[in-house]
Amino acid sequence: MNRKAPLKDEDPEIYEQIQNELKRRREGLELIPSENLTSKAVLEALGSILTDKYSEGFPGRRYYGGNEFIDKIEMLAIKRAMKAFKVPFANVQAYSGSPANQAVAFAVLKPGETLMGPDLPDGGHLTHGWKANFSGIYYKSVPYHCRADGYIDLEEARKLALEHKPKLIWTGFTAYSREFPFEEMAEIADEVGAYLAADIAHIAGLVVAGVHKSPAPYAHIITTTTHKTLRGPRGAIIMATDKGLSKEPELGNKIDKAIIPGLQGGPHNHQTAAIAVALHEAMQPEFREYAQQIVKNCKALAQALMENGLKIVSGGTDNHLMLIDLTPHGKGNGVFAQEALDAAGITVNKNTIPQEPSSPFYPSGIRLGTATVTTQGMKEREMKQIAELMAAVIDETRQYQLPEKKEERTAYIANFKKEIQANPRIMGTRQRVKELCSGFELY
Ligand SMILES: *Cc1c(COP(=O)(O)O)cnc(C)c1O
């Protein structure tokens, strides 16, 4: 072992796989809407010596010595979060988005109390009350849904809130392509006296840039990841709004206490520093242009996909993502589309659609977004090309149908994968994807 050797020499096995991952990204189109490409400065902070320091507690009140600079770093991250999102309180220590949401539930609910959130198959997140998640096991969970047209069913949400009197209501989604209805959900929460928590994990970058409505005037609590449209390191921020602090003056303290001693130990200081850098970048004028272009690209991509005969949930998008509804090709066809696109070097994820006729594991849609390709510098022209490439690939999956019998599915899908790998139209598309990508930088 040599503590001073570069990774390449110290651990060639890991080094090689990182190089392989880089090559995979260089040669393919990354359309997963929860991903992005961080800047050199963010990566530098993330890879810094700060990872070595313990600092349980908060700036000015730590359980360990030697934290004078860590305090300054965390204060910068907190101040920048407050400025970027226009809120009076921020906690930057949650390890990621899921633990942040867990901390919110821990802060405002007792075990067994009721929370309400968007159902997972309708675009909600696991942590909004899904039955297999802590949020659906330790709390009584009431899910609300989307209508067949893809928009949130606000009438149902109001009815359920009046009936079940939840103490916490989540608004915010992981797969919803329209403007989040913060104002309408706030009316419902206020009517039943619930906390409204807005989870803006996906759209945070758009909110900071003013390209999506901010939840700050409407919600009591805001959570976000920092690694999606915000373009920072993996991480999260939990915020309390003015409205939240006037409902409960101790809300900030409750959130801090939920993080530590409630759920976590020492904060990840390298991550905190990188979050601070990402927030600094997100408040620059260039970032606003970036966020505007994400949405322009997404609308152009949705339009071009529809012109190529594909069905988009709700008929379009207001943000950085969309869902393609593949039910015209067959129930559960998201599985085939994801695999075939992957074989062609286009990375998306299979996803349930509102009123999903199949299941979360064999869903009928795919979810895709434009945050990453926009970071690379792609514009509307490339979106048209991407739509054509995607339509050609998805066309090749039309002939496949998910077997009704569950025990037949694994073998059927294995055979499908083999055929796809040998499909000349898909391999031709892979080459064209590679050519398109070669004109754009990743890092
Ligand atoms: C991504 C996401 C999360 C979870 O973030 P992780 O960092 O993956 O734990 C939570 N809520 C929403 C809405 C998300 O999209």
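Everything quoted here is computed from the prediction, not taken from an experiment.

A look at the site of the ligand
Right, on to step 1. Around the ligand, the structure places 13 residues, and the nearest of them are Ser96, Ser98, Asp199, His202 and Lys228.
Right, on to step 2. Histidine 227 places a side-chain nitrogen or oxygen 3.5 Å from an oxygen atom of the ligand.
Right, on to step 3. In isolation the ligand offers 380 Å² of accessible surface; the protein chains occlude 87% of this area.
Right, on to step 4. Among the elements that make up the shell around the ligand, the one with the highest residue count is helix H5 (residues 97-108) (3 residues).

Description of the pairing of strand S7 (residues 168-171)
Right, on to step 1. Of the two faces of S7, the one lined by Leu168 and Trp170 and the one lined by Ile169 and Thr171 are each fully buried.
Right, on to step 2. When strand S5 (residues 114-118) meets S7, the two strands line up parallel, connected through 2 bridges. Its bridge partner being in S7, leucine 115 is matched across the sheet by leucine 168.
Right, on to step 3. Judged from the 4 bridges that link them, S7 and strand S8 (residues 195-199) form a sheet pairing that is parallel. Its bridge partner being in S8, threonine 171 is matched across the sheet by alanine 198.

Some remarks on the domain arrangement of the chain
Right, on to step 1. Domain assignment breaks the chain into domain 1 (45-282) and domain 2 (293-437).
Right, on to step 2. Computed from C-alpha coordinates alone, the two centres of domain 1 and domain 2 are separated by 30 Å.
Right, on to step 3. On the side of domain 2, 21 residues touch domain 1, which itself brings 22 residues to the contact.
Right, on to step 4. For the pairing of domain 1 and domain 2, the buried interface totals around 1700 Å² over both sides, and the portion due to carbon and sulfur atoms is 56%.
Right, on to step 5. Broken down residue by residue, the surface that domain 1 buries against domain 2 is led by Pro121, Ser177 and Arg178, which jointly contribute 32%.

A short note on the pairing of strand S10 (residues 236-240)
Right, on to step 1. Of all 5 residues in S10, 5 are buried; the element is thus mostly enclosed.
Right, on to step 2. Side-chain alternation along S10 places Ala236, Ile238 and Ala240 on one buried face and Ile237 and Met239 on a second face that is also buried.
Right, on to step 3. Judged from the 3 bridges that link them, strand S4 (residues 89-91) and S10 form a sheet pairing that is antiparallel. Residue pairing in the sheet places alanine 90 in a bridge with methionine 239 of S10.
Right, on to step 4. Across 5 bridges, strand S9 (residues 221-225) lies against S10 in antiparallel orientation. Within the sheet, the bridge partner assigned to isoleucine 221 lies in S10 and is alanine 240.

Remarks on helix H8 (residues 182-192)
Right, on to step 1. Listed in full, the buried residues belonging to H8 are Phe182, Met185, Ala186, Ile188, Ala189 and Val192. Along the long axis of H8, the arc covered by the buried residues comes to 160 degrees, so they all point the same way.
Right, on to step 2. Contact partners of the buried residues in H8: strand S6 (140-144), helix H7 (154-164), S7, S8 and helix H10 (242-247).
Right, on to step 3. Downstream of H8 by one or two residues, glycine 193 has phi in the positive range, about 70 degrees.

With respect to the nonpolar core
Right, on to step 1. Membership of the largest hydrophobic core comes to 53 residues, with the highest contact counts inside it found for Phe85, Met116, Tyr144, Ile169, Ile200, Ile237 and Leu279.
Right, on to step 2. At 6 residues, the largest contribution of residues to this core is made by H8.
Right, on to step 3. Two domains each put at least three residues into this core: domain 1 (45-282) and domain 2 (293-437).
Right, on to step 4. The residues touching isoleucine 200, leaving out its near neighbours within four places in the chain, are Phe85, Phe182, Val207, Pro215, Ile222, Thr223 and Thr224.
Right, on to step 5. Leu29, Ala340, Met378 and Leu436 belong to the second largest nonpolar core, which has 44 residues in total.

Here's the deal with the sheet that holds S9
Right, on to step 1. On the basis of which strands lie adjacent, the open sheet formed by 7 strands has the order S4-S10-S9-S8-S7-S5-S6 and mixed pairing. The open sheet terminates on both sides in strands that have one partner only, identified here as S4 and S6. Taking the axes of each pair of neighbouring strands and ignoring which way they run, one obtains an average angle of 20 degrees across the sheet.
Right, on to step 2. Alignment of S5 against S6, held across 5 bridges, turns out to be parallel. Each bridged residue has a counterpart across the sheet, and for methionine 116 the counterpart in S6 is valine 142.

Cut-off values and rules
Residues numbered from 1 in each chain as written. Predicted model: local features only at pLDDT ≥ 70, side-chain atom pairs only at ≥ 80, totals over all residues. Heavy atoms only, no water. Near = heavy atom within 4 Å. Polar contact = N/O pair within 3.5 Å; in protein donor to acceptor, adjacent residues only side chain to side chain. Areas by Shrake-Rupley, 256 points an atom, 1.4 Å probe, with all protein chains shown as cover. Helix = DSSP H or I, 4+ residues; strand = E, 2+ residues; numbered from the N terminus. Buried < 20%, exposed > 50% of the residue type's maximum accessible area, 1.4 Å probe, protein only. Pairing = 2+ DSSP bridges. Domains from an automatic or database assignment. Contact = heavy atoms within 4.5 Å. Buried area = accessible area lost by both parts, 1.4 Å probe. Arc of directions from axis to C-beta. Core = buried A, V, L, I, M, F, W, Y, C linked by side-chain atoms within 4.5 Å. Axes fitted to C-alpha atoms, helices over the stretch in contact; angles between N-to-C directions.

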